[in-house]
Amino acid sequence: VRVVESGGGLVQPGGSLRLSCAASGFTFSDYIMSWYRQAPGKERELVAAIISVGGSTNYAESVKGRFTITRDNAKNTVYLQMNSLKPEDTAVYYCAAKPWGVVTPRYWGQGPQVPVSS
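About the thresholds
- Residue positions within a chain follow its written sequence, with the count starting from 1.
- Only residues with pLDDT of 70 or above have their local features reported here, since the model is predicted, and side-chain atom pairs are shown and tallied only from 80 upward, although totals for entire chains, interfaces and linings are computed over all residues.
- Heavy atoms from the whole structure form the basis of all side-chain values; hydrogens and water molecules are not counted.
- A side-chain nitrogen of Lys or Arg and a carboxyl oxygen of Asp or Glu constitute a salt bridge if their distance falls within 4 Å.
- Each residue is placed in one exposure class: buried if its accessible area under a 1.4 Å probe, protein chains only, is under 20% of its type's maximum, exposed if it is over 50%, and partly exposed if it falls in between.
- Runs of H or I in DSSP of at least four residues are treated as helices and runs of E of at least two as strands, each being numbered from the N terminus.
- Residue-level confidence of the predictor, termed pLDDT, takes values from 0 up to 100.
- Contacts were defined at the residue level, with two residues in contact if any of their heavy atoms lie within 4.5 Å.
- Only centres within 6.5 Å qualify two rings of Phe, Tyr or Trp (six-membered ring in Trp) as a pair; their planes then separate them into stacked at under 30 degrees, edge-to-face at over 60, and tilted for everything else.
- As used throughout, the charge tally considers Lys and Arg to be positive and Asp and Glu to be negative, leaving His and the chain termini uncounted.
- The term polar contact refers here to a pair of N or O atoms within 3.5 Å; inside protein, the definition further demands a hydrogen-donor-capable atom paired with an acceptor-capable atom, and it admits residues adjacent in sequence only when both atoms are side-chain atoms.
- Two strands qualify as a pair provided that DSSP identifies no fewer than 2 bridges between them.

Visitor: What is the right way to read the pattern of salt bridges from this model?
Guide: When the charged atoms of two side chains with opposite charge come close together, those side chains can pair. As enumerated under the stated definition, the model contains four salt bridges in all. The residue arginine 37 makes a salt bridge to glutamate 45 at a minimum N-O spacing of 2.7 Å. Here glutamate 45 falls in the partly exposed class, since its relative accessible area comes to 32%. Residue arginine 66 pairs with aspartate 89 through a salt bridge whose shortest N-O separation is 2.7 Å. Here the residue arginine 66 occupies a position in the loop between β5 (57–59) and β6 (67–72), and aspartate 89 occupies one in the loop between β7 (77–82) and β8 (91–99), the gap between them amounting to 23 residues.

Have a look at this one:
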C-alpha cells in the first residue's frame, strides 16, 4: 500500500495551494478519503473528507468556504484545494484512507508541510 502526497510548500497569507494524494495497493473507490492536519503543539484534526459514491463531503468549520476536497477514482487520487490561506493553516497535512464502518483511517501518507507565512 502506498499513499503519497505532493504539492506542499511555503505559501503567503491569502495565497492558494493544491495538495494531491495518489494511492495504490487497495481498492481506492471503497475508501473514504480524508485530509488531516497537525499544527505545531496541537493535536491532529480532520480537515476534510469525501466519500466515493456521490462525492459527499464534509469540512472542518475553520476551512469551510476556503478549502475544497475532490477525488478522481479513475486516477486513485484525492486533492485538497486550499484558497485564502491563513497563518493558522500552517501544519503538516496528511492524506488518509478509511473503509466504511471504521473510525480510524487505515492508511496514511507521509504528510507534506504547508507553512503559511510572509
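Next comes the rest of the write-up.
Visitor: Before we go on, may I ask you to explain the confidence of the model for the chain in this structure?
Guide: Parts of the prediction with low pLDDT should not have their coordinates interpreted in detail. For the chain, per-residue confidence averages 95 on the pLDDT scale, and residues scoring 70 or more make up 100% of the total. Across the chain, the secondary-structure element scoring lowest on mean pLDDT is strand β10 (residues 113–114), at 93, and the one scoring highest is β7, at 98.

Visitor: Help me out: how do you make sense of the side chain of serine 20 in this one?
Guide: As for its placement among the helices and strands, serine 20 is situated in strand β2 (residues 17–24). For serine 20, a relative accessible area of 16% gives the class buried. When near neighbours in sequence (up to four residues on either side) are disregarded, serine 20 contacts Val4, Glu5, Ser6, Trp35, Val78 and Tyr79.

Visitor: How do you make sense of the packing of aromatic side chains when you look at a structure like this?
Guide: As enumerated under the stated definition, the model contains five aromatic pairs in all. Their ring planes at 55 degrees and their centres at 4.9 Å tell us that tyrosine 36 and tryptophan 108 sit as a pair that is tilted. Here tyrosine 36 is found in strand β3 (residues 31–38), whereas its partner tryptophan 108 is found in strand β9 (residues 107–108), with 72 residues between them in sequence. Residue class for tyrosine 36 comes out buried when judged on its relative accessible area of 14%. On the basis of relative accessible area, tryptophan 108 is assigned to the partly exposed category, the value being 30%. Following the ring pairs from residue to residue traces out a cluster consisting of Phe26, Tyr31 and Tyr107.

Visitor: What should I look at first to understand the environment of valine 11 in this one?
Guide: Structurally, the position occupied by valine 11 is in the loop between β1 (2–6) and β2. Residues valine 11 and threonine 104, 93 residues apart in the sequence, show an inter-C-alpha distance of 30 Å.

Visitor: Just to check I follow, could you spell out the side chain of lysine 98 for this structure?
Guide: Position of lysine 98 relative to the elements: it lies in strand β8. The side chain of lysine 98 is buried and forms no salt bridge, while aspartate 30, the nearest opposite charge, is found at 13 Å. Side-chain polar atoms of lysine 98 contact the backbone oxygen of valine 102, separated by 2.8 Å. Lysine 98 has contacts with Tyr31, Ile32, Val103, Thr104, Pro105 and Arg106, leaving out every residue within four places of it along the chain.

Visitor: Would you mind going over the pairing of β8 with me for this structure?
Guide: Within a regular strand, the side chains alternate between the two sheet faces. β8 sits mainly inside the fold: nine of its nine residues count as buried. Bridging between β3 and β8 involves eight bridges; their strand directions are antiparallel. Across the sheet, the residue bridging to glutamine 38 is valine 92, located in β8. The sheet contact formed by β8 and β9 spans two bridges and is antiparallel. What sits directly across from alanine 97, in β9, is tyrosine 107.

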